[in-house]
Amino acid sequence: MGKPIVNYSKIHKSFGDVDVLKGINLDIKPGEKVALIGPSGSGKTTIIRMLMTLEQPTSGTILVNGENLWQMEKKGQLVPSDDKHLHAIRGDIGMVFQHFNLFPHMTIVENCMLAPALAKKNDKKEVKIQAVEMLEKVGLGDKINLYPAQLSGGQKQRVAMARALMMKPKVMLFDEVTSALDPELVGEVLEVIRDLAKEGEMAMILVTHEMDFALDIADRILFLNEGVIEEEGPPSELLVNPKSERLQDFLARFNKR
Amino acid sequence: MNSIMDISLLLLKGIKITLIVLAVSIVISTLIAFVAGLSRVSSNVLLNKFTGVYVEIFRGTSLIIQLFWFSYALPGLFNIHLGSDIWTAVIAISLNYGAYMSEIVRSSILSVSHGQTEASVALNLTKFQRMRHIIIPQAIRMMLPEYGNYLIQILKATSLVSLIGLTDLLYYGNIYRSTHLSEAPTVYMLILVFYFVLALPLIAFTRKMEVFSKKGVAQE
């Protein structure tokens, strides 16, 4: 599958005295679908937030397309990245949030158009055509002129996905995207993600509590526990025959629910 | 009945000055509020501290004394002349209310949900684009109702300019009263009515903005 599109090496992260991540090494191949599971507080979300540049690692390196995300060269020395450097590299990454974070003062089609229009990817008319297409794809073609407040949670999350897709990221991050939804709305969101996964080209990293879903779409599952990757492997193996005791406990607790 | 007509006609002469001072002060204080408010949330420490000092000085002293300073003390002390008295009045009022209103600008910007910033980063907007398209439009919606309240206060504050010799509404009222002492109640009743009528559009604006601002904001 060639060289990885994302590479984490020896990533540590602490918030104050709390060590959240203790040495993460991870390669994501182009188009690969990876699910991150684990108890809350195990650092799953922090892993993807660092890739989106929302959180800075305490030490270690993250490469995107072979380029160092959090450090840059300046006068022959490695220094922490400035905004410009982060801006240049994170264009390949997209993210969908647990709480949608739609822009409430814009209609949903404007939500989708803003970033590509500002990045001057295309002229405005072309961007609008693409935005409408994208909203149709997530099943909201008849709602393009509504405001986020007029939508259900599931619809909001589908808009958020359409908006992120507009930037054509090579890696899409999903941060517990169904956790804030009413149970009956979870399905419609998972359906969209499933379709995206089938299309294939885009790598996806999903932080999720939906085990069945992870089993269904992921090429690989990582089980995080207390800041380290405790166990990883293809879903059929990892979820059916967990090796470590911690994963066995975690899955047992999950199945009880 | 006749005297009511006489007084009203006289007061109308003063309305022009009141309205000019009001309109120009609104424009300038709004500009100051935005510049100072943005400086207060900027990461530039010097800018931040400097603006902080300005805001506290102008909030912490009274407008009438600031008016006297600009109009009598500064020219004597430093030979600074702020031009005609209208400009003196406008600058004092604008600096005073700009300081107050910068605090609403600052707090509104800070109360836009952090998720909005994160979404902007995820869409790879630059810092400037984020401020311009995401944070400030939402902050403006939040600040509008309080902003409207300040506009009404500025209108009322303009009545102080008669004390540095500007011929506004109150000035003409005082002139009339000084020659017709027994009609003082009528004079001041009419002045109240005049100010109230001037405030009506501002009150309506504020009401409207309260409704408008409830839509389209993501708060923490």
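Details of the structure are given in the entry above.
Overview of the structure. What you see is a predicted model; the values in this text were computed from it and never measured. (Residues numbered from 1 in each chain as written. Chains lettered and ligands numbered in written order. Predicted model: local features only at pLDDT ≥ 70, side-chain atom pairs only at ≥ 80, totals over all residues. Heavy atoms only, no water.)

Along the backbone of chain A there are 9 helices and 12 strands. Relative to the globule expectation of 18 Å for 257 residues, the C-alpha radius of gyration of chain A, 19 Å, shows essentially globular dimensions. Taken along its principal axes, the extent of the C-alpha atoms in chain A is 55 × 50 × 40 Å. Residue burial in chain A is summarised as follows: out of 257 residues, 54% are buried. (Helix = DSSP H or I, 4+ residues; strand = E, 2+ residues; numbered from the N terminus. Rg over C-alpha atoms; globule rule 2.2 N^0.38 Å. Buried < 20%, exposed > 50% of the residue type's maximum accessible area, 1.4 Å probe, protein only.)

Right, let's get into the sheet that holds strand β10 (residues 203-207) of chain A. Residue and element names in this part refer to chain A. The strand order β8-β9-β10-β3-β11-β12 describes an open sheet built from 6 strands, whose pairing is mixed. Of all the strands in the sheet, the pair left with one neighbour each is β8 (93-96) and β12 (228-233). Across the sheet, the mean angle separating the axes of adjacent strands is 20 degrees when strand polarity is ignored. Relative to β10, strand β9 (residues 171-175) runs parallel, the two sharing 5 bridges. For Asp-175, the partnering residue across the bridge sits in β10 and is Val-207. The strands that helix α5 (residues 153-165) touches are β8 and β9; relative to β8, the one it contacts most, it runs at about 175 degrees. (Pairing = 2+ DSSP bridges. Axes fitted to C-alpha atoms, helices over the stretch in contact; angles between N-to-C directions. Contact = heavy atoms within 4.5 Å.)

What follows deals with the packing of helix α1 (residues 2-41) of chain B against helix α8 (residues 184-213) of chain B. Residues and elements named next belong to chain B. At their nearest, the axes of α1 and α8 sit 10 Å apart, and the two run at 45 degrees to each other. Judged by the inter-axis angle, α1 sits oblique to α8. The crossing of α1 and α8 is right-handed. Facing Ile-4, Ile-7, Ser-8, Leu-11, Leu-12, Ile-15, Thr-18 and Leu-19 of α1, the residues of α8 in contact are Thr-186, Val-187, Leu-190, Ile-191, Phe-194, Tyr-195 and Leu-198. (Parallel < 35°, antiparallel > 145°, perpendicular 65-115°, else oblique. Left-handed = near helix turned anticlockwise from the far one by under 90°.)

Attention now moves to the interface of chain B and chain A. Interface size is often expressed as the accessible area that is lost when the parts come together. The interface of chain B with chain A comprises 21 residues on the first partner and 24 residues on the second. Area buried by chain B at its contact with chain A is led by Glu-118, Leu-123 and Asn-124 of chain B, which between them contribute 33% of it. Two residues, Glu-118 of chain B and Arg-49 of chain A, come together in a salt bridge whose shortest N-O distance is 2.7 Å. Scanning the region where chain B abuts chain A turns up 8 residue pairs in polar contact (both at pLDDT 80 or more). Among the elements of the structure, α5 (114-122) and α6 (127-157) of chain B are those that each provide at least two residues to the side of chain B that touches chain A. Within the side of chain B that touches chain A, the residues separate by chemical class into 9 nonpolar, 9 polar and 3 charged. (Buried area = accessible area lost by both parts, 1.4 Å probe. Salt bridge = Lys/Arg side-chain N within 4 Å of Asp/Glu carboxyl O. Polar contact = N/O pair within 3.5 Å; in protein donor to acceptor, adjacent residues only side chain to side chain. Nonpolar A, V, L, I, M, F, W, Y, C, P; charged D, E, K, R; others polar.)

In this structure, the largest pocket encloses a volume near 750 Å³. The wall of the largest pocket is formed by 28 residues, among which His-114, Thr-117, Lys-127, Arg-130 and Met-131 of chain B lie closest to the centre. Elements with a contribution of two residues or more to the lining of the largest pocket: α2 (83-89) of chain A together with α1, α4 (85-111), α5 and α6 of chain B. Partitioned by chemical class, the residues of the lining of the largest pocket number 11 nonpolar, 8 polar and 9 charged. (1 Å grid on protein atoms, 1.4 Å probe; cavity = no way out; pocket = protein on both sides within 12 Å on 5 of 7 lines; lining within 4 Å. Points joined across faces, edges and corners; volume = space filled by probe spheres on them.)

Here the focus is a negative patch on the surface. There is a patch of like negative charges on the surface, built from Asp-123, Glu-126, Glu-133 and Glu-136 of chain A. Among the residues examined, Asp-123 of chain A registers a relative accessible area of 52% and is labelled exposed. (Patch = residues over 30% accessible without salt bridge, like charges linked within 9 Å, V, L, I, M, F, W, Y side chains within 5 Å. Areas by Shrake-Rupley, 256 points an atom, 1.4 Å probe, with all protein chains shown as cover. Lys, Arg positive; Asp, Glu negative; His and termini not counted. Charge placed at Lys NZ, Arg CZ, Asp CG, Glu CD.)

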